[in-house]
Amino acid sequence: MTGSTNGAALTALQKELDGQTPVSIREAFVNDPERFGRFHVKLDDLVFDFSKHRLDAALLAKLVQLAKDSGVEAKRDAMFAGEPFNSTEGRAALHTALRNFSGQPIMADGADVMPEVTATRAKVAAFASGIRDGSIAGATGKAITDVVNIGIGGSDLGPAMAAKALTPYSSPRLRTHFVSNVDGADIGDTVKGLDPATTLFIVSSKTFTTLETMTNAQSARDWIVKGLGEDAVKHHFAAVSTKLDLVRKFGIEEDRVFGFKDWVGGRYSIWSSIGLALVIAIGPAQFEQFLRGGFEIDQHFRTAPIEANIPMLMGLIGVLYRDIQGISTQAVIPYDQRLARFPAYLQQLDMESNGKSVHRDGSPVTAETGPIVWGEPGTNGQHAFFQLIHQGTEPVPVDFLVAAEPTEADPHHHDLLLANCFAQSQALMQGRSLDEVSAQLTKGGMPADEVRRLAPHKVFSGDRPSSTFLYRKLDPRTLGRLIACYEHRVFTMAAIWDTNPFDQWGVELGKELASKLVPIVSDPRASTEGLDSSTAGLVAHRRALAR
Ligand code: F6P
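Residues numbered from 1 in each chain as written. Predicted model: local features only at pLDDT ≥ 70, side-chain atom pairs only at ≥ 80, totals over all residues. Heavy atoms only, no water.

1. Quick notes on the pattern of salt bridges
Then step 1. A complete count under the given rule lists 29 salt bridges for this structure.
Then step 2. Across the pair Glu 230 and Arg 221 runs a salt bridge, and its minimum N-O distance is 2.9 Å.
Then step 3. A relative accessible area of 45% means that Glu 230 is categorised as partly exposed.
Then step 4. Residues Lys 511 and Glu 508 are paired through a salt bridge, measuring 4.0 Å at the closest nitrogen-oxygen approach. Of the two residues, Lys 511 and Glu 508 are both situated in helix α21 (residues 508-522); the distance of 3 residues between them amounts to about one turn of the helix.
Then step 5. Overall, the relative accessible area of 49% leaves Lys 511 in the partly exposed class.
Then step 6. Judged by relative accessible area, which is 32%, Glu 508 ranks as partly exposed.
Then step 7. Through salt bridges with shared partners, one network takes in Asp 44, Asp 45, Glu 296, Arg 477 and Arg 481. (Salt bridge = Lys/Arg side-chain N within 4 Å of Asp/Glu carboxyl O. Buried < 20%, exposed > 50% of the residue type's maximum accessible area, 1.4 Å probe, protein only. Helix = DSSP H or I, 4+ residues; strand = E, 2+ residues; numbered from the N terminus.)

If you want it as structure tokens, here you go:
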């Protein structure tokens, strides 16, 4: 693998560009009627429009050089080759093997991983088909109608987001539910109204030790036992994990246990058997389309030149805003109600991967790393937080995502959706100057002193950046392509910062402290000695309230 680069190329570019005024997007469009032609990439039906960014050809060339000098291509190749890229956990990051349709072997630790990947996929497909056609039924012989995935983080967000996104492709006979929070309301509300005889629980946990998942799994088990008796458990549970010994202890039968390898990071695991609930919902054939969509982007990421490489451009643009222009957030606004959970999914993907403070060699980073990723579907966001995006003091780069064709029958709704999506990126780019506002108000007959008073409030600075993804339809292939684009964007940014995007040590301390507090919170007589005064005060107040 390439040695540490410690973000040196980025530091040099920061120095070079220090104090330079950002490119005016608005002016760039005025000066260059062909700007879209120069700043978009088309991959089959998928267009990535990056023309509305603070970029010109010269700056783009510098960013491309930044990727080269940071060793992004060599690091990418090392990841795909199964080298132990996740150095702090001593393993490869090979989620791409799960969607490898090249027919070529992929080696990790000296062995080809593909035979096992293919065999596990076939086992998942057979089980999913059995649930879908009713040949695998519950303890009483009734067909399963409700599938409840119990998992959290990467073992929940991916399948939950995708199941919602791909509703039109789902079996109408089956409902999928997702339980993640240790808050008993989550499982409690979910099982209300379900019939144990027709419910299947999938316990999804890479480690099979996660507090939330194990607690919810136990409650689900109790619910099945209460409804159908102990013997029914084997008919109403399946599990997905890398820790097959722990699953065995829980009592789930071998033929209902689906493994994956520790070289699949939790937030990259939707492509693995963690996708079981999704496979049951949409069927193995559509799931394969989803995987193939991811594979298409892998091929593109590996072979396209940097200036025409969508994930690399996404990453370079991300670094431009985060590190050259000091912008701390990134909004993702799908104009697609079914992608409502996509921003939450990307939050884990991006913020758990790139919320890092040290380089791969352990030295502190000198640049800012991961932005805060957030978003909600349009058009809803327009009536909530878009005010800040248009007129707030810090620009917010936005990713818009929208399909050319609706999945619903009514095309009128979709035309309105598209028009709004295009209009928002246009408004952010163009803005409206004081002169333009004043002229408009004056033309409407407003007195001059009123125009002077009101006009500043109606000014839009413009020059606010956005990318737009426009594709034919939100189908399994497209969802796979979109996710893979974001995975490789995250990778590109980490490669420039020279950080490890595949570990997540930052979640450990909270887990550790919570496990120490459980006995103190559960037992009102337990001593709070040694706790800081805030935690002790909160425990005391809770005890007083819960008396
Ligand atoms: O808390 C962080 C985390 O480890 C995530 O990285 C992971 O996706 C999630 O917890 C769930 O972990 P598991 O699949 O092992 O239950």
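2. A word on the domain arrangement of the chain
Then step 1. Domain annotation of the chain identifies domain 1 (8-69 + 304-430 + 465-503), domain 2 (108-286) and domain 3 (513-545).
Then step 2. If you look at the interface, domain 1 gives 27 residues, while domain 2 gives 17 residues.
Then step 3. Of all residues in domain 1, Arg 338, Tyr 345 and Pro 476 bury the most surface against domain 2, accounting for 31% of the area lost on that side.
Then step 4. Between Arg 267 and Glu 352 there is a salt bridge, and its shortest N-O distance comes to 2.8 Å.
Then step 5. Seen at the junction of domain 1 and domain 2, the total is 8 residue pairs in polar contact (both at pLDDT 80 or more).
Then step 6. Those elements giving two or more residues to the side of domain 1 that touches domain 2 turn out to be α15 (342-354) and α20 (476-497).
Then step 7. Considering only residue class, the side of domain 1 that touches domain 2 consists of 14 nonpolar, 5 polar and 8 charged. (Domains from an automatic or database assignment. Contact = heavy atoms within 4.5 Å. Buried area = accessible area lost by both parts, 1.4 Å probe. Polar contact = N/O pair within 3.5 Å; in protein donor to acceptor, adjacent residues only side chain to side chain. Nonpolar A, V, L, I, M, F, W, Y, C, P; charged D, E, K, R; others polar.)

3. Some points on the environment of Met 79
Then step 1. Within the fold, Met 79 resides in helix α5 (residues 72-80).
Then step 2. Between the C-alpha atoms of Met 79 and Phe 422, which are 343 residues apart in sequence, the distance is 36 Å.
Then step 3. With near-sequence residues (within four places) excluded, Met 79 lies in contact with Phe 85, Ala 93, Leu 94, His 95, His 488, Phe 491 and Phe 502.

4. Remarks on the sheet that holds strand β7 (residues 199-204)
Then step 1. Strand order in the open sheet formed by 5 strands is β6-β5-β7-β8-β9, and the pairing between neighbours is parallel. Edge positions in the sheet fall to β6 (175-179) and β9 (257-259), since each of these pairs with one other strand and no more. On average, each strand axis in the sheet is tilted by 20 degrees relative to the strand beside it, whichever way the strands run.
Then step 2. Looking at chain direction, β7 and strand β8 (residues 237-241) are connected through 4 bridges and run parallel. Note on β8: the bridge partner recorded for Ile 202 is Ala 238.
Then step 3. This element, helix α9 (residues 211-228), spans β5 (146-150), β6, β7 and β8 of the sheet and lies at about 160 degrees to β7. (Pairing = 2+ DSSP bridges. Axes fitted to C-alpha atoms, helices over the stretch in contact; angles between N-to-C directions.)

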